[in-house]
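Chain by chain, the residues:
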Amino acid sequence: MSIDAGESVALPLTTLLTLREHLSFSESKLSVEQAVVLAIREWMANSGATVGEAGSEVLRGYQWKTLFLPESTQLRMMYAETVHYAAVVGESIMYRNRPVSPREFTMAIAGCGRNAWRDVWIRFPGSRQWKRANICRIEQDKKRRQPPKSPVDTMASAAAAMSDALKTALMLVEETSTQATAHVERRLAPLRRDDDRLHTDCSFD
């Protein structure tokens, strides 16, 4: 899988063989390279990452004091038994089609006197769990104070993330293939429509 002249990326042999077997078993029309590209795009979409002009990864999002909210992060606030949502789009928090700060988000819902760190809940891209904004800030501060990972740990984390993304991509491919097969076979007996049977029966008269 070439990146540019003289540079390439090697997949682990076990991963490559497993991928080939899965594509063959699922009768997917994707090549190995196409499946890998699909997995990479899925991973980048979930992480909110884009690629800069120089080829470096640029993480877009909204910086809320010490808390960074990557693109596609969702914000939620409940007031008067009604749940209100906002989302990070690009580098802005969007609520009702206009950019707002976390404080403006709470004020638009409940007026003044609200604590955004306490009242706003956050769900990061790829996560199913909602957490209070203040808890997210504490967790990010703890991670920031931790010593940097070794190259081995960094590679292991990246490999795990790519593996999850590849599994998601393959599930999407398999689901698409299943739906396509069901669409083709839905006209076979005994699921054929009466007018289809009538046309066939007439051919034997």
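Above this text is the structure in question.
Residues numbered from 1 in each chain as written. Predicted model: local features only at pLDDT ≥ 70, side-chain atom pairs only at ≥ 80, totals over all residues. Heavy atoms only, no water.

Visitor: When you look at the overall build of the protein chain in this model, what are you seeing that I'm missing?
Guide: Looking only at helices and strands, the protein chain features seven helices and twelve strands. Counting across all 205 residues of the protein chain, residues that qualify as buried make up 25%. Nonlocal contacts in the protein chain, meaning residues at least 24 apart in sequence, comprise 44% of its contacts between residues at least 6 apart. Entry remark: accessible area of the protein chain is about 14700 Å², with carbon and sulfur atoms responsible for 55%. (Helix = DSSP H or I, 4+ residues; strand = E, 2+ residues; numbered from the N terminus. Buried < 20%, exposed > 50% of the residue type's maximum accessible area, 1.4 Å probe, protein only. Contact = heavy atoms within 4.5 Å. Areas by Shrake-Rupley, 256 points an atom, 1.4 Å probe, with all protein chains shown as cover.)

Visitor: What's the story with the pairing of strand E8 (residues 82–89) in this structure? I'm lost.
Guide: Consecutive side chains of a regular strand alternate in pointing toward one face of the sheet and then the other. Bridge count for strand E7 (residues 74–79) against E8 is six bridges, and the pairing is antiparallel. If you follow Met 77 over to E8, its bridge partner there is His 84. What sits between the antiparallel neighbours E7 and E8 is a turn of two residues, in which Ala 80 has the positive phi angle 55°. Summarising the sheet, E8 and strand E9 (residues 92–95) pair through three bridges and their orientation is antiparallel. (Pairing = 2+ DSSP bridges.)

Visitor: Teacher, can you tell me more about unusual backbone geometry here?
Guide: Generally, phi is negative for residues other than glycine and the peptide bonds are trans, each holding for most cases. Positioned with a positive phi, Ala 80 is a non-glycine residue whose angle comes to about 55°. Note that Ala 80 resides in the loop between E7 and E8.

Visitor: What's the story with the pairing of strand E6 (residues 67–70) in this structure? I'm lost.
Guide: Both strand E5 (residues 61–64) and E6 contribute to a ladder of four bridges, which runs antiparallel. Residue pairing across strands places Gly 61 opposite Pro 70, the latter belonging to E6. Connecting the antiparallel pair E5 and E6 is a turn made up of two residues, with Lys 65 showing a positive phi of about 50°.

Visitor: Hey, could you run me through the side chain of His 84 in this one?
Guide: Mapped onto the elements of the fold, His 84 is located in strand E8. Of the residues examined, His 84 reaches a relative accessible area of 15% and is grouped as buried. A distance of 3.2 Å separates polar atoms of two side chains, one belonging to His 84 and the other to Tyr 95. Excluding its chain neighbours within four sequence positions, the residues that come into contact with His 84 are Leu 75, Arg 76, Met 77, Tyr 79, Tyr 95, Arg 96, Phe 105 and Ile 109. (Polar contact = N/O pair within 3.5 Å; in protein donor to acceptor, adjacent residues only side chain to side chain.)

Visitor: It is not clear to me how the packing of aromatic side chains should be interpreted in this structure. Could you clarify?
Guide: To describe a pair of aromatic rings, one takes the distance between the centres and the angle between the planes. For the structure on display, the rule yields three aromatic pairs. Here Trp 64 and Trp 117 contribute two aromatic rings whose centre-to-centre distance is 3.9 Å and whose plane-to-plane angle is 15°, an arrangement assigned as stacked. Placement of the pair is Trp 64 in strand E5 and Trp 117 in helix H4 (residues 116–119), with a sequence separation of 53 residues. Look at Trp 64 and you get buried, because its relative accessible area is 6%. A relative accessible area of 14% means that Trp 117 is categorised as buried. Ring centres 6.1 Å apart and planes at 55° place the aromatic pair Tyr 85 and Trp 130 in the tilted group. Residue Tyr 85 is found in strand E8, and its partner Trp 130 is found in the loop between strand E11 (121–123) and strand E12 (131–132); the two are separated by 45 residues along the sequence. (Phe/Tyr/Trp six-rings, centres within 6.5 Å; stacked < 30°, edge-to-face > 60°.)

On their own, these measurements won't tell you what the molecule is for.
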